[in-house]
Structures are given as C-alpha cells and as structure tokens.
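Fold and contact review
Listed below are the residues making up each chain.
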Amino acid sequence: MNKSDAIPPLEELAAILGTRGFSRDPDDMAPWLTDWRQRYQGRALAMVSPATLAEVVAVVRFAAAHRLPIVPQGGNTSMVAGAVPDDSGRALLLSMRRMNKIRSIRQADNAMVVEAGVILTHVHEAALEVGLRFPLSLGAKGSATIGGLVSTNAGGTQVLRFGPMRALVLGIEAVLPDGSVIESLASLRKDNRGYDLRQLLCGAEGTLGVVTAVTLRLVPVLRQRVVAWVGLDSPQAALDLLRRLEQRLGDSVEGFELVPDIALELVLRHIPGTRAPLATDCPWYVLVECGAVTAGDELQMAFGAVLEDEINAGRVTDAMIAANGAQAEALWHLRDSISEAERHDGTAAKHDVSVAVSDMPRFVMEAAAAVEQRFPGVRVIAFGHLGDGNVHFNVRAALGADSQAWLVREGHDVTAFVDDLVVKAGGSLSAEHGIGQIKLAEFARISEPARLNMLRAIKQALDPHGIMNPGKLLPLAPEDSIP
Ligand code: MLT
Ligand code: ZN
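Residues numbered from 1 in each chain as written. Chains lettered and ligands numbered in written order. Predicted model: local features only at pLDDT ≥ 70, side-chain atom pairs only at ≥ 80, totals over all residues. Heavy atoms only, no water.

Here's the deal with the sheet that holds strand 9 (residues 181–184)
Overall, antiparallel pairing links the 5 strands, which are arranged 5-6-10-8-9 in an open sheet. On the outer flanks of this sheet lie strand 5 (102–106) and strand 9, each paired with one strand and no other. Direction aside, the axes of adjacent strands within the sheet are offset by 15 degrees on average. Seen against the sheet, helix 3 (residues 53–66) touches strand 8 (169–175), strand 9 and strand 10 (210–217) and runs at an angle of roughly 50 degrees to strand 8. Lying on the sheet, helix 4 (residues 120–129) is in contact with strand 5, strand 6 (111–115) and strand 10; it crosses strand 6 at an angle near 145 degrees. (Pairing = 2+ DSSP bridges. Helix = DSSP H or I, 4+ residues; strand = E, 2+ residues; numbered from the N terminus. Axes fitted to C-alpha atoms, helices over the stretch in contact; angles between N-to-C directions. Contact = heavy atoms within 4.5 Å.)

So, the site of ligand 1
In the vicinity of ligand 1, the contacting residues are M79, R335, S339, K350, F383, H385, H392, E432 and H433. Take H385: an N or O atom from its side chain is 3.1 Å from an oxygen atom of ligand 1. E432 places a side-chain nitrogen or oxygen 3.0 Å from an oxygen atom of ligand 1. Contact with the protein chains removes 84% of the 270 Å² of surface that ligand 1 exposes when unbound. Along the lines of polarity and charge, the residues of the shell around ligand 1 split into 2 nonpolar, 4 polar and 3 charged. (Near = heavy atom within 4 Å. Polar contact = N/O pair within 3.5 Å; in protein donor to acceptor, adjacent residues only side chain to side chain. Areas by Shrake-Rupley, 256 points an atom, 1.4 Å probe, with all protein chains shown as cover. Nonpolar A, V, L, I, M, F, W, Y, C, P; charged D, E, K, R; others polar.)

Considerations on empty space enclosed by the protein
In total, this model carries 2 cavities of 30 Å³ or more according to the counting rule given. Approximately 40 Å³ is the volume found for the second largest cavity. Together, G156, T157, Q158, V159, L160, E254, G255, F256, E257, H385, G387 and D388 line the second largest cavity. Sorting the residues of the lining of the second largest cavity by element identifies helix 6 (159–162) and strand 13 (253–260) as the ones contributing at least two each. Broken down by element, the lining of the second largest cavity gets its largest block of residues, 4 residues, from strand 13. (1 Å grid on protein atoms, 1.4 Å probe; cavity = no way out; pocket = protein on both sides within 12 Å on 5 of 7 lines; lining within 4 Å. Points joined across faces, edges and corners; volume = space filled by probe spheres on them.)

Some points on the pairing of strand 8
Within strand 8, 7 of the 7 residues are buried, which leaves the element mostly enclosed by the surrounding structure. Summarising the sheet, strand 8 and strand 10 pair through 6 bridges and their orientation is antiparallel. Bridged to E173 within strand 10 is A213. Relative to strand 9, strand 8 runs antiparallel, the two sharing 4 bridges. Within strand 9, the position partnered with V175 by the bridge is V181. (Buried < 20%, exposed > 50% of the residue type's maximum accessible area, 1.4 Å probe, protein only.)

Re the sheet that holds strand 2 (residues 46–48)
Strand order in the open sheet formed by 4 strands is 1-2-4-3, with mixed pairing between adjacent strands. Because the sheet does not close on itself, it has two edges, and the strands there are strand 1 (22–23) and strand 3 (70–73). The pairing of strand 3 with strand 4 (residues 92–95) spans 4 bridges and is parallel. The residue of strand 4 that forms the bridge with I70 is L92. On the sheet, helix 3 packs against strand 2, strand 3 and strand 4 and is oriented at approximately 165 degrees with respect to strand 4.

Notes on the pairing of strand 18 (residues 379–385)
Sheet faces and side chains relate simply in a regular strand, where the side chains alternate between the two faces. Among the 7 residues of strand 18, 7 are classified as buried, and the element is accordingly described as predominantly covered. Across 7 bridges, strand 18 lies against strand 19 (residues 390–396) in antiparallel orientation. In the strand pairing of strand 19, H385 is matched with N390. Counting the residues between successive antiparallel strands, the hairpin from strand 18 to strand 19 contains 4 residues, one of them, G389, with a positive phi of roughly 70 degrees.

Regarding the packing of helix 13 (residues 360–374) against helix 14 (residues 403–424)
Here helix 13 crosses helix 14 at 150 degrees, and the two axes come no closer than 11 Å. By crossing handedness, the relation of helix 13 to helix 14 is classed as right-handed. Of the residues in helix 14, those in contact with F363, A367, A370, V371 and R374 of helix 13 are F417, V418, L421 and V422. In the contact of helix 13 with helix 14, the residues fall into 8 nonpolar, no polar and 1 charged. (Left-handed = near helix turned anticlockwise from the far one by under 90°.)

Focus on a nonpolar patch on the surface
Nonpolar side chains collect at one region of the surface, where Y195, L197, L200 and L462 lie side by side and expose about 420 Å² of accessible area between them. Here Y195 lies in the loop between strand 9 and helix 7 (197–201). (Patch = residues over 30% accessible without salt bridge, like charges linked within 9 Å, V, L, I, M, F, W, Y side chains within 5 Å. Salt bridge = Lys/Arg side-chain N within 4 Å of Asp/Glu carboxyl O.)

Points about unusual backbone geometry
One non-glycine residue, Q38, lies in the positive phi region at around 60 degrees. For Q38, the location among the structural elements is in the loop between helix 2 (26–29) and strand 2. Under the relative-accessibility criterion, Q38 is labelled exposed at 61%. With a phi close to 55 degrees, E205 is a non-glycine residue in the positive phi region.

Things to note about the pattern of salt bridges
In total, this model carries 24 salt bridges according to the counting rule given. One salt bridge connects D196 with R198, and the closest N-O pair in it is separated by 3.7 Å. Between E342 and R396 there is a salt bridge whose closest N-O contact spans 3.3 Å. Residue E342 is located in helix 12 (residues 338–344), and its partner R396 is located in strand 19; the two are separated by 54 residues in the primary sequence.

Some points on the coordination of the zinc ion (ligand 2)
Six octahedral donors at a metal ideally form angles of 90 or 180 degrees, and four tetrahedral donors ideally form angles of 109.5 degrees. All of the protein donors around the zinc ion (ligand 2) are H385 (NE2), H392 (NE2) and E432 (OE); their distances to the metal are 1.9 to 2.1 Å. Sequence spacing of the donors to the zinc ion (ligand 2): H-x6-H-x39-E. One end of the pair, H385, is in strand 18; the other, E432, is in the loop between helix 14 and helix 15 (440–446), with 47 residues separating them in the sequence. Judged by its relative accessible area of 11%, E432 is buried. (Donors = N, O, S within 2.8 Å, 3.2 Å for Na, K, Ca; no water.)

Re the confidence of the model for the chain
Here the chain shows a mean pLDDT of 95. Residues at 70 or above account for 97%. Taken as a whole, residues 477–483 scores under 50 in pLDDT and shows 16 contacts with residues more than four places along the chain or in a different chain. (pLDDT = per-residue confidence, 0-100.)

Listed below in structure tokens is the structure:
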C-alpha cells in the first residue's frame, strides 16, 4: 500500500497537541476551509493548532513520516486562496493562530521578535507602546497574521517608503519540510553567508516550510502626519503629483493610493456612514499620507503649499487635508473599503498587477480601453498602490448582469486578456497577493520556462515529497511527485 493511502495514526498527533491543538470537528474546521473570496471549498483530515515551535516540529515530522500534505494558515485572508486545502480531505490544516506571542522587543536594534500567529494590528500596538512603529499596513490588518504576511510578502498601502514585508524581515525561524528548524532570528543587518534563506521563505507561500517566528524591523514613530484626499484628471496627473511631492517633501510620502470615481461611488453606495470628501466630482482621486518624525507643523505647511501651487497651476482640481486624526481615519476608511464595497456589488475578475511605476498611468488607461472594447459593457475599476507601480485591475460585469454567471462564462477570457497586456508591458500578474490557487494556471501559461524551472528546482530540493502547501504557487502540482 502507498504511504499516502494508509490511515495515519492521528491519535498520536492529538496526544501531542491536546484538545486545544487538535480538532476533527466539522464545525470547528468549517470557517477555515473556505477562502476569503469564497471561491474555493476545501476539506481536511484534521485542523492542528500548535502553540509552540516544538509542537510545529512534531506536526511537520508526523506529516513527513506519513506523507500528509500540510496547509499552513493564519488569518485566512489570502486573496488568492493560498491558505485553504484542496478537496481531497488528506491535508492537515495547520492553524498558526495559537502561536501568537510577541517574544521580545529589542528597542536598541529597532526590532521586534514575533510569532507567526500575531495579528498585524497587535504588532502596530506593541511597537507604539515602546515609542516605535511597524510601518506596513493593509485593509485586513485586524485579522491578517505575521506568518501569512511574510509568506506572501504582503504589500498594502504603506509600502512606498519602507518597502513590502520582505524589506521588514530581519530574521526568521521556520520548520523545514523534514522537521528540521532554521533558527535565524538575530537581527543581522549584514549577513553574507551565501543564499539569503530568510528571503527565500518570504513570499514562498508556505511551500518550503512553516514560518514560526520573525524579527521585524521597526522605525521611529511619526510626530507629524498629513493625510489628504486630492481630486485630479488622470492617473498621469496623479503620478506627476507624487514626483513633485517627493521633490519638495523628500521621502516623507508614505502612502499614495489611486482611487477612480467608480470605486468611490461603490464605497459611498455600500459602506454605511461614508461620505464624499470633496464637493467637486473628479474622475480620479489620490489618498496621500506624509509623515515626519519631528514635532511641529512644518509638514502640514509644506504640504499645503505644494497643493496650493498644484491647484493654481491647474494640475489638481480640488483637495482636502484632514484636520484631525478622525478625518484622516475617515479618508483611509474610504480607501480600505473598496474591496468590501466591490464584494457587495457582486463578483469581479480581479487582477493584482505591477508594471514600472512610470508606465502605470498609461497602462491603466490603455488596458482599460482595450478590455472595454474587447468585452463590451464591462466596467474596469483600477485602484491602489500607484506609487509602487501596482494597481488592482478589476473587471466587473455589465450593469444589471448576473455577475456570477458572467464570471463563470467570461472570467477566464478576461483574465487571460489582461495578463497578456501585463506581459506585453513587462509586468507581473501578481504584485502583492501571491499566486495561491487562483493564479496558478495563468502563472504557468505566461511565465518564462527559466523562472518556473528555478522555482521547481528549489521546491524539489527542499520539499522532495511535496508535502508543504501542495497545489499553491508552483504550477506543477507537487502532489504528482509524491512517491
Ligand atoms: C487592496 O489594496 O485593497 C487589497 O490588496 C485588496 C484587493 O485587491 O482587493
Ligand atoms: Zn492592494
């Protein structure tokens, strides 16, 4: 009998993990078997929830011995169904949510050691308590966990100044597919011992091992913060504004988010308590955030002066600077609610694309026109991280159409069309969400063989039995190689 067909002695695992760490109860598991976008419904042999590194090691050794797939999961907020098992029912769903300790804060190193299950908001709060700040943020911050954010190299709305997750990981602890542990949590600024193993695990989507803890980079807290909502004519006008802000305010620009009027309309329609920040309707808006570590009001003054010049020059139509923290949060709430508002409005063909920053304004306009010509009636909503050259290029069904039926009928062709445009523009089909299951086929279709071969070679070397998060990221289903 093949090892994968034998019934594994799960009672051994249950004994190690105890009642809080092991469950086969369908009701316990149900919420964690469907992905956030509700497109994939998986099944699992059991849900295991270790609370310590030693327990994760025990789980991985057990899985390796019995050739069981392991699907690591944090807050289950993946946009690409990267954290739910397939429907074979053979996988162990490895919840990291009980590994939720902040192990230490090393103020003198501007660093914090946290376990994989810590929720991003808790990292923000813990850093603030010691007068420091963790800069990365995103809409799902109240439920996304550090392990998942590292494993997907998450981006979000504050990448401009300090980079995505991988730029903020100074050290890592992980359990490899054979149960061995790589312990590298020292916050070394310089470390030239060959391949960067820490970076290999960032963005690996759990396919090379289980990230159990990381050392995060912290930065000084802001004492001045300016948040503004700016209305303008085009994505190009928005990018021009960013460059002028950078010239006059240095690297204080921390967030620069593009919002088309159609996205704002959706938010105002579906999210209670929201209202338009400007009296003037504009085709495009940007949400800008700038910060400074010094106290005072120079930033606000300098920012206001730039905006005034831009309005006088006719390059900005209208703008509003938040007068206090509550107004700033209200502006961010508009931006962070776009995905939620889209969900209320029906399903869409979603794309998370990047091109060179300078090419993005043209890409947005030309790709939207091309899609709307090729698929008459559809509506494109391109929004997001313009300053990083990353937008969420979502295509919605025609008004009044059944969006689910449309997605089933045309979604595949729309996505292939968009991805071909991205390839032509020299871009990436996944800027910040990862590949997961949702992008697997397209990743295989449009990628150059050398890239796929290199990924497969790394996977084969570290996880020869293909037990780590099979069916994600790697176009060649690793389960096919299980002996
Ligand atoms: C965002 O920037 O709002 C997120 O990445 C979510 C999305 O793409 O829907
Ligand atoms: Zn995003």
